[in-house]
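Breakdown of the fold
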Amino acid sequence: MSKTKNRWLIALAAVGIHISIGSVYAWSVFTNPLINTYGWNLSAVSLTFSIAILFLGLSAAFMGHFVEKHGPRVSGMVAASFFGFGMIGSGAATMLESLWLLYITYGILGGIGLGIGYITPVSTLVKWFPDRRGLATGLAIMGFGFAAMIASPVMASLIEGVGIPWTFFILGAVYFTVMMSSALYLERPPEGYMKEYAAAGKQKPDMAQLTANEAVKTRRFWYLWVMLFINVTCGIAILSVASPMAQEIAGLSAAAAATTVGLMGFFNGAGRIAWASISDYLGRPNVYTAFFLIQIVTFFALPNLTVALLFQLALFLIMTCYGGGFASIPAYIGDIFGTKQLGAIHGYVLTAWAAAGLAGPLLASWIRSVTESYALTLSIFGSMFIVALLVSLLIRVDIRQLKQANAEPAKKERLSS
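Going by an unreviewed UniProt entry, the protein chain carries the name MFS transporter and comes from Marinococcus halophilus. For the record of the protein chain, the UniProt heading Subcellular location (unreviewed entry) holds the text "Cell membrane".

Moving on, we get to the overall build of the protein chain. Along the protein chain, the regular secondary structure elements total 16 helices and 0 strands. Here the protein chain has a C-alpha radius of gyration of 22 Å; the compact-globule value for 417 residues is 22 Å, and the two agree. Referenced to the eigenvectors of the C-alpha coordinate spread, the extents of the protein chain come out at roughly 80 × 55 × 30 Å. Split into buried and exposed, the 417 residues of the protein chain put 54% on the buried side. Long-range contacts, defined as pairs at least 24 residues apart, comprise 84% of the intrachain contacts of the protein chain with a sequence gap of at least 6. Of the roughly 17,400 Å² that the protein chain leaves accessible, carbon and sulfur atoms contribute 67%. Counting 25 positive and 16 negative side-chain charges, the protein chain places the averaged centre of each group 8 Å from the other.

Let us look at empty space enclosed by the protein. This model, assessed by the stated rule, comprises 1 cavity of 30 Å³ or more. In terms of lining, the largest cavity is formed by Val67, Glu68, Gly71, Pro72, Thr120, Ser123, Thr124, Lys127 and Arg188. Going through the elements one at a time, α4 (64-95) and α5 (99-128) are the ones with two or more residues in the lining of the largest cavity.

Once that is clear, we can look at the side chain of Thr31. Inspection of the secondary structure puts Thr31 in helix α2 (residues 28-38). With a relative accessible area of 10%, Thr31 lands in the buried category. When near neighbours in sequence (up to four residues on either side) are disregarded, Thr31 contacts Leu42 and Val45.

Packing of α4 against helix α7 (residues 164-185) leaves a shortest axis separation of 7 Å and a crossing angle of 175 degrees. Accordingly, the angle class assigned to the pair α4 and α7 is roughly antiparallel. Partitioned by chemical class, the residues of the contact of α4 with α7 number 22 nonpolar, 7 polar and 1 charged.

The tendency in soluble globular proteins is for nonpolar side chains to be buried side by side. Phe30, Leu34, Tyr118, Leu224, Met245 and Phe337 are the most contacted members of the largest nonpolar core, which totals 133 residues. Here this core takes 17 residues from helix α10 (residues 219-249), the largest share from any one element. Each of domain 1 (7-202) and domain 2 (204-412) gives at least three residues to this core. With sequence-adjacent residues up to four places away left out, Phe30 is seen in contact with Met155, Ile159, Ile164, Thr167, Phe168 and Leu171.

Here we take up α2. Of all the positions in α2, only Phe30, Thr31, Pro33, Leu34 and Tyr38 are classed as buried. Packed against the buried residues of α2 are α3 (42-62), α4, α5, α6 (133-162) and α7. In the stretch just after α2, Gly39 is the one whose phi turns positive, near 75 degrees.

Partitioning the protein chain into structural domains gives domain 1 (7-202) and domain 2 (204-412). Computed from C-alpha atoms alone, the centre-to-centre distance between domain 1 and domain 2 is 22 Å. Counting residues at the interface gives 28 residues for domain 1 and 35 residues for domain 2. When domain 1 packs against domain 2, the two sides together hide about 2,600 Å² of surface, and 68% of this comes from carbon and sulfur. Linking domain 1 to domain 2 there are 1 salt bridge. Two residues, Arg133 and Asp335, come together in a salt bridge whose shortest N-O distance is 3.0 Å. Viewed at the interface, domain 2 and domain 1 are joined by 10 residue pairs in polar contact (both at pLDDT 80 or more). Contributions of two or more residues to the side of domain 1 that touches domain 2 are made by α3, α4, α5 and α6. At 12 residues, α6 tops the list of elements feeding residues into the side of domain 1 that touches domain 2.

Moving on, we come to the environment of Ile238. Inspection of the secondary structure assignment puts Ile238 in helix α10. Measuring from C-alpha to C-alpha, the distance between Ile238 and Pro361 comes to 8.2 Å, with 123 residues separating the pair along the chain. Ignoring any residue separated from it by four or fewer positions in sequence, one finds Ile238 in contact with Met245, Met264, Phe299, Leu315, Met319 and Leu378.

Taken together, the side chains of Met95, Val162, Trp166, Ile170, Val174 and Val178 present a nonpolar region at the surface, about 510 Å² in accessible area. For the nonpolar patch, the element with the most residues is α7, which contributes 4 residues. Take Met95: its relative accessible area is 49%, and that puts it in the partly exposed class.

Looking at the protein chain, pLDDT values average 86 and 94% of them are 70 or higher. Across the protein chain, α7 holds the top mean pLDDT of 96, while helix α8 (residues 195-199) sits lowest at 56.

Quick look at α3 now. With 21 residues, α3 ought to run about 30 Å at 1.5 Å a step, and its terminal C-alpha atoms sit 31 Å apart, in line with that. Buried residues of α3: Ala44, Val45, Thr48, Ile51, Ala52, Ile53, Leu56, Gly57, Ser59, Ala60 and Ala61, and no others. Taken together, the buried residues of α3 touch α2, α4, α5, α6, α14 (342-349) and α15 (351-371). In this structure Asn41 caps α3, since a side-chain oxygen of it lies 2.7 Å from the backbone nitrogen of Ala44.

Quick notes on the rules
Residues numbered from 1 in each chain as written. Predicted model: local features only at pLDDT ≥ 70, side-chain atom pairs only at ≥ 80, totals over all residues. Heavy atoms only, no water. UniProt positions renumbered as here; feature names shortened; annotations may be inferred. Helix = DSSP H or I, 4+ residues; strand = E, 2+ residues; numbered from the N terminus. Rg over C-alpha atoms; globule rule 2.2 N^0.38 Å. Buried < 20%, exposed > 50% of the residue type's maximum accessible area, 1.4 Å probe, protein only. Contact = heavy atoms within 4.5 Å. Areas by Shrake-Rupley, 256 points an atom, 1.4 Å probe, with all protein chains shown as cover. Lys, Arg positive; Asp, Glu negative; His and termini not counted. Charge placed at Lys NZ, Arg CZ, Asp CG, Glu CD. 1 Å grid on protein atoms, 1.4 Å probe; cavity = no way out; pocket = protein on both sides within 12 Å on 5 of 7 lines; lining within 4 Å. Points joined across faces, edges and corners; volume = space filled by probe spheres on them. Axes fitted to C-alpha atoms, helices over the stretch in contact; angles between N-to-C directions. Parallel < 35°, antiparallel > 145°, perpendicular 65-115°, else oblique. Nonpolar A, V, L, I, M, F, W, Y, C, P; charged D, E, K, R; others polar. Core = buried A, V, L, I, M, F, W, Y, C linked by side-chain atoms within 4.5 Å. Domains from an automatic or database assignment. Buried area = accessible area lost by both parts, 1.4 Å probe. Salt bridge = Lys/Arg side-chain N within 4 Å of Asp/Glu carboxyl O. Polar contact = N/O pair within 3.5 Å; in protein donor to acceptor, adjacent residues only side chain to side chain. Patch = residues over 30% accessible without salt bridge, like charges linked within 9 Å, V, L, I, M, F, W, Y side chains within 5 Å. pLDDT = per-residue confidence, 0-100. Expected span 1.5 Å × (residues − 1).

This is how it looks when you write it as C-alpha cells:
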C-alpha cells in the first residue's frame, strides 16, 4: 500500500499550475513594447490575448473528457508542455518578428495549455477536499487571479533588461518547470478516501453522479451556465471601462483611476478565496444569490456615487463577486452533478467564460457609444443581474426536486426495514 499524499501539498501543486497560467492576465505588459519594437498596431497585438482566451474556453470544453480519462498527472504534464512551449515559441516568433507565429504559439498553443491547466487542478481538489470544496478550489483559482500582480513587474523588468524574445524564453522555461513539477505531484485520491468522514454524516452526499453528456441535458446545467455568463460578462465589461468610467463619474485623475484598476485585480483574487470559503458554510445557492443581489444594488448605485472612495469601494465589491463566481462554480458542480466527470462538466460550463470574454467588452463599448452615458450602460448590466437573480432562484427549485427524488428511495427503504 502506497502512502496517501498530503492533500494540502496537492493544493499547493494546484496553486503552482494556476499561478503560472494566470500570468496570461499580465499580457498588457507586452502590448506597448511589441507595438514600439515591431511596429504592430494595438488591435493586432490585443488579438493575441483574445485568441489565447478563446482557446482556453475551447480546450477546457473539449479536453475535459481527456482530463477525466488520463488523470491529473498526465493532464497537468500536457498543460505544462503546451503552455511552456507556447511561451518559448512566442520568443521565437518575436525574434523572427512574425505576428502570425505569435498567434499560433501564444494564442493557440498557450491557450490550449491554459484550458487544460485550468480545469485539471480544480477537478482534482474537489475530490481531495469533500469537506471543504469551496476553500480548496478557491485556493487554486485565487492563484489564477493573483498571478498577474506577481507576473507584471517581473515581465516589465525582464523586457527592459533582456528584451522581448528572451523574456518569453525565460518565462516559458520557468513556467514549464513549475507546472511540470506541480503536475508530477498531482493524483486522484485513493478509493474510499475520507470514507470515515462521510460515514459519520459530516459530508453532505452529492445529489447525483452524472457524466458530462448527461449533465448538459439537465436544466440545472444551463442555469449554472447562464449565471456564470452574466456574472463574467458584466465583470469583464466593468474591467474594460473602469478607468474612463471612474474619471467621468467620480472625477478621479488618470493616475488615481489606474491605481483603482490595479486594486481591482487584488479584490478579484481575494474574492475568489473569500467567497469560495464562505460557500462551504452558507451553501453555493445562497452565495450565488448573494452575488446577484449585491451587484444589482451596486450597478444601479454606481452612476450616483460621485464620492471617489464610495465609487471605488463599490467597484472593489463587484470584483470580489466576479472572482468569487469563478471560484465557487467547481464546488457547485460537484454538489449537484457529483465528481464522476467533474473536469469535463467544468470544461463545458467554462464555455460561458469564453462567450463572456467576447461579449463583455464589446457590449460595454457598444452601449457606451450608442447611449453616450455610463449611467445607462450600468443600468443595463444591473438589469442583466436581475435575470441572473431569477435564475439563481429557479435552480433552487430544480435542486429541491432533486433532493426530494433522492429522499424517496431512502424513505421507502426505512419503511420496509
